[in-house]
Amino acid sequence: MSYNFYKGEDIISDCSSTHIQFFEINQSSLMFMGMSCTVRVVDQCQIALPSDSVSTTSMPLTFFDLMWLALPPVHRIFFYEMDHSKTQFTKTIIPNLKHSLSLTLQQFFPLAGKLTWPKESTKPEIQYSNGDSVVLTVAVSDYNFDSLLCNHAKSVNDFYPLVPQLCNTASSKVFPLLALQVTSFPNKGICIGITLDHVVADGRTFHHFIKSWASTSRLEGKNSTMSESLPCYNRSVVKDPNGMDMVFLNHYKKLNITKESFNITKDPMAPMDKVLATFVLSHANIKRIKQWILIRLDDGKERKPPFHLSTFVLTCAYVWVCSIKARWGDVVGSGSEDPIEYFLFPMDCRARLEPVLPNTYFGNCLKSCLIKTKRSDLAGETGIAIAAELIAKVIQKKVEEDGILKDMETLFSSDFSSAPDRILSVAGSTKLYIYKTDFGWGNPKKSEVISIANTGAILLSECPSEIGAVEVGLVRNKSEMEKFASFFTKTVEGFPPTKDDNC
Ligand SMILES: CC(C)(COP(=O)(O)OP(=O)(O)OC[C@H]1O[C@@H](n2cnc3c(N)ncnc32)[C@H](O)[C@@H]1OP(=O)(O)O)[C@@H](O)C(=O)NCCC(=O)NCCSC(=O)CC(=O)O
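Residues numbered from 1 in each chain as written. Predicted model: local features only at pLDDT ≥ 70, side-chain atom pairs only at ≥ 80, totals over all residues. Heavy atoms only, no water.

The name recorded for the protein chain in an unreviewed UniProt entry is Malonyl-coenzyme:anthocyanin 5-O-glucoside-6'''-O-malonyltransferase-like, from Thalictrum thalictroides.

## Some details on the overall build of the protein chain
Our working definition: We count a stretch as a helix when DSSP gives it H or I for four or more residues in a row; a strand needs E for two or more, and each element gets its number in order from the N terminus. Throughout this description, buried means an accessible area under 20% of the type-specific maximum (1.4 Å probe, protein chains only), exposed means over 50%, and partly exposed covers the range between. Any pair of residues with heavy atoms lying within 4.5 Å of one another is described as a contacting pair. Shrake-Rupley sampling with a 1.4 Å probe provides the accessible areas, and residues are treated as covered by the protein chains on show and by no other component.
When helices and strands are counted, the protein chain shows 13 helices and 20 strands. Counting the 503 residues in the protein chain, one finds 55% classified as buried. A separation threshold of at least 6 residues defines the contact pool for the protein chain, and within that pool the share at least 24 residues apart is 79%. When the accessible surface of the protein chain is summed, it comes to about 21600 Å², and 52% of that surface belongs to carbon and sulfur atoms.

## Some thoughts on the packing of helix H7 (residues 311-328) against helix H13 (residues 478-493)
How we decide: Lines fitted to the C-alpha atoms define the axes, with helices restricted to the stretch that makes contact. Angles between their N-to-C directions range from 0 to 180 degrees. Relative orientations are named as follows: roughly parallel for angles under 35 degrees, roughly antiparallel for angles over 145 degrees, roughly perpendicular for angles from 65 to 115 degrees, and oblique for any other angle. Left-handed is the label given to a crossing in which the near helix is rotated counterclockwise from the far helix by less than a right angle, and right-handed is the label when the rotation is clockwise.
It is at 8 Å that the axes of H7 and H13 come closest, and there the two elements cross at 135 degrees. Relative to H13, the element H7 is oriented oblique. Two packed elements cross with a definite hand, and for H7 against H13 that hand is right-handed. For the pair H7 and H13, the contacting residues are Tyr318, Val319, Cys322, Ser323, Lys325, Ala326 and Arg327 in the first and Glu480, Lys483, Phe484, Phe487, Phe488, Thr491 and Val492 in the second.

## Brief notes about the sheet that holds strand E10 (residues 154-155)
For clarity, the threshold we go by: Between any two strands, at least two bridges found by DSSP are needed for them to pair.
Across the sheet, which stays open at both edges, the 7 strands sit in the order E10-E14-E20-E19-E17-E15-E16 with mixed pairing between neighbours. The two strands at the open ends of the sheet, each matched to only one other strand, are E10 and strand E16 (366-374). Direction of pairing for E10 relative to strand E14 (residues 275-281): antiparallel, over a ladder of 2 bridges. Within the sheet, the bridge partner assigned to Lys154 lies in E14 and is Leu276. Helix H9 (residues 383-396) rests against strand E15 (340-348) and E16 of the sheet, and its axis sits at about 35 degrees to E15.

## Some thoughts on the domain arrangement of the protein chain
Our working rule: The domain limits used here are those given by an automatic or database domain assignment. A simple way to read buried area is as the amount of 1.4 Å-probe accessible surface that goes missing from two parts once joined, with both sides added. Counted as salt bridges are all cases of a side-chain nitrogen of Lys or Arg within 4 Å of a carboxyl oxygen of Asp or Glu. Under the rule applied, a polar contact is a pair of N or O atoms within 3.5 Å (in protein, one hydrogen donor and one hydrogen acceptor; residues adjacent in sequence only if both atoms are side-chain atoms).
When its domains are assigned, the protein chain resolves into domain 1 (2-223 + 231-253) and domain 2 (275-502). Listed as interface residues are 67 residues of domain 1 and, on the opposing side, 51 residues of domain 2. A buried area of about 5100 Å², summed over both sides, lies between domain 1 and domain 2, and 66% of it is on carbon and sulfur atoms. The largest contributions to the domain 1 side of the interface with domain 2 come from Phe64, Tyr80 and Arg204, which together make up 14% of the buried area. At the junction of domain 1 with domain 2, the criterion picks out 2 salt bridges. Between Arg350 and Asp202 there is a salt bridge; the shortest N-O distance is 2.9 Å. On inspection of domain 1 and its partner domain 2, the count reaches 30 residue pairs in polar contact (both at pLDDT 80 or more). Secondary-structure elements contributing two or more residues to the side of domain 1 that touches domain 2 are helix H1 (63-66), strand E6 (74-81), helix H2 (86-107), E10, strand E13 (189-196), helix H4 (203-218) and helix H5 (244-254). Of all the elements, H4 adds the most residues to the side of domain 1 that touches domain 2, at 12 residues.

## Topic: the packing of helix H6 (residues 283-297) against H9
Definition in use: Here the nonpolar group is Ala, Val, Leu, Ile, Met, Phe, Trp, Tyr, Cys and Pro; Asp, Glu, Lys and Arg are the charged ones; every other residue, Gly included, is treated as polar.
The interhelical angle for the contact between H6 and H9, taken along N-to-C directions, is 90 degrees, at an axis separation of 9 Å. Accordingly, the angle class assigned to the pair H6 and H9 is roughly perpendicular. Each of Ile289, Trp292, Ile293, Arg296 and Leu297 in H6 lies in contact with H9, whose residues at this interface are Ile384, Ala385, Ala388 and Glu389. Residues belonging to the contact of H6 with H9 are distributed by class as follows: 7 nonpolar, no polar and 2 charged.

## With respect to the packing of aromatic side chains
Heads up, the condition is: Each aromatic pair joins two rings of Phe, Tyr and Trp (for Trp, the six-membered one) with centres within 6.5 Å, and gets the label stacked for planes under 30 degrees apart, edge-to-face for over 60, and tilted for any other angle. By definition, being over a ring means that NZ of Lys or CZ of Arg is both within 6 Å of the ring centre and within 35 degrees of the ring normal.
The full count for this structure, using the stated rule, is 25 aromatic pairs. With centroids separated by 5.8 Å and ring planes inclined at 85 degrees, the aromatic side chains of Tyr80 and Phe439 adopt a geometry described as edge-to-face. Of this pair, Tyr80 sits in strand E6 while Phe439 sits in the loop between strand E17 (423-428) and strand E18 (446-449), and the two are 359 residues apart along the sequence. The class of Tyr80 is buried, set by a relative accessible area of 0%. Judged by centre distance (6.0 Å) and plane angle (40 degrees), the ring pair of Phe343 and Phe345 falls under tilted. A single burial state applies to Phe343 and to Phe345, both of which are buried. The structure contains a cluster of three or more aromatic residues connected by ring pairs, namely Phe78, Tyr80, Phe108, Phe109, Tyr128, Phe209, Trp213, Tyr233, Phe362, Phe439 and Trp441. Positioned above the aromatic ring of Trp328, the side-chain terminus of Arg375 is 3.8 Å from the ring centre.

## Structural notes on the site of the ligand
Put simply, the rule is: What makes a residue near a molecule or strand is one non-hydrogen atom of that residue sitting within 4 Å of it.
The ligand sits among 22 residues. The nearest are Ser310, Asp348, Arg352, Gly428 and Tyr433. Thr311 is positioned such that a nitrogen or oxygen atom in its backbone is 2.9 Å from an oxygen atom of the ligand. For the ligand, an oxygen atom lies 3.2 Å from a polar atom in the side chain of Lys431. In the complex, 70% of the free accessible area of the ligand, which totals 1100 Å², lies under the protein chains. Here the shell around the ligand is composed, by residue class, of 10 nonpolar, 8 polar and 4 charged.

## Examining the pairing of E16
In terms of burial, E16 is largely enclosed, as 7 of its 9 residues are buried. Note that E15 and E16 share 9 bridges and pair antiparallel. Across the sheet, the residue bridging to Ile340 is Lys374, located in E16.

## Examining the environment of Leu344
Mapped onto the elements, Leu344 comes out in strand E15. The class of Leu344 is buried, set by a relative accessible area of 16%. Leu344 sits 107 residues away from Val237 along the chain, and the two C-alpha atoms are 26 Å apart.

## Some remarks on the confidence of the model for the protein chain
This is how it is decided: Per-residue confidence from the predictor is given as pLDDT, running between 0 and 100.
Scored by pLDDT, the protein chain comes out at a mean of 86, with 84% of its residues at no less than 70. A low-confidence stretch, residues 1-34 stays under pLDDT 50, and its non-local contacts, those more than four residues away or across chains, total 84 contacts. In the predicted assembly, ipTM is 0.93 and pTM is 0.91.

## Notes on the pattern of salt bridges
Overall, the coordinates contain 13 salt bridges when judged by the stated rule. Between Lys123 and Asp245 there is a salt bridge; the shortest N-O distance is 3.0 Å. A residue pair is termed long-range when its members are at least 10 positions apart, and Lys123 in the loop between strand E7 (114-116) and strand E8 (125-128) and Asp245 in helix H5 qualify at 122 residues. The pair Lys123 / Asp245 is uniform in exposure class, with both members buried. Linked through salt bridges whose partners overlap, the residues forming this network are Asp202, Arg204, Asp348 and Arg350.

Written as structure tokens, this is what we have:
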């Protein structure tokens, strides 16, 4: 099943008003059927920057961007509880979102541009041309809004109609980078679905953009982005003394991605028989896990371990072990078969490079950190302590540019890619403060990244209802999810309480 409902030829008229260009699409409402959540598309338009506000610009991809060239886009959804009428939605909310989006895109113009590989260039680049725009879909749904917000397991297919597809016109070898969808659940809430090609932006840049759009919208178009938080487009700050970009391009050549055949297919997501659920690791439980690990690591000398057991480390170690047990059973790694398990997480290098890059650097600046260990190590009694030590030690290692290269080579190796069911990766972060994205309707009640259904990744977010707690999202088949839920709840209950526990 494909959700591609947009056809470029259908653009019929330029209805530009003030400085925003709206190209309304001549189409009757379309329905997404065949799944519980039904969405009716009522409008599609293209939102451009204010006319002539940014001139045509080319932005070369750095090696950090090139890492993501062939990977599928990220689909993120924000849910806002908000009592609103149909009239309020169409007459006030949507015009304000369109206007504020246009203003925000002026500062984040590459998102309205295209990925392409010009004849005269040695590598692909992002090109913004005056008039480029982002497709915004407006939809309405009468589905049960509350059921999409709850933490318990629900079909992942219910979320697909809430995110737009990137409208690739494969023949042109020019690819859009961002698509947006706003869906109204009348009297209940509003949902914003975003599809972003990771090649243009990582988590930090994406959340910079979305928060800028939200604050401009909250202030009803009065441009709110303070000058100190404008995106930084200085790409010369990313050094590539070892020519890592060429290493990536040579790798892509093997995948037949070249200047001549620059035709990247980023398949739309296909419905699948899986459920999505959210688990919360409370602050008290994180402390319990830490205390339990410290006891396991203690060599009797009561020294502090020479690495930092951060909330991230503790959460990942705990979830990795629960995930292994849910997939392979409680007693794993015994007998002759003891396969290698992989853990993969992104590290934001902005503050770790020499010289340091500003937080507002626009683009990708992620290093992929890979950890390998035998399944029996993780499944054993001290599995969580072993996992925590492995992850923490990788984080404290100095970031070196050739280290990034080594990781990428491992990622591309057949050994790694032939074992998708033995890789646990991480999406999101508790430090991006996604629950502080307020369009004027309060903070989101929930946010999901639906693309984890394809990657099997866990999604980390800060917990909106408890400081210091972590939300963990994942997509699994029903029976594996039930086992995961059981391990997730019971394992920490078996750890001794800390002195801070309120019990
Ligand atoms: C490598 C890391 C995961 C390691 O995290 P750690 O928390 O273990 O280590 P750290 O050095 O960052 O932080 C160590 C301690 O410093 C403090 N600390 C650090 N940064 C902080 C911040 N911004 N706010 C508050 N506290 C902070 C914390 O107290 C933490 O300990 P304590 O926890 O004990 O208090 C992280 O540094 C990192 O780079 N995260 C970014 C990942 C990212 O950008 N993901 C998005 C991928 S894109 C994506 O997935 C798309 C999407 O999201 O839409």
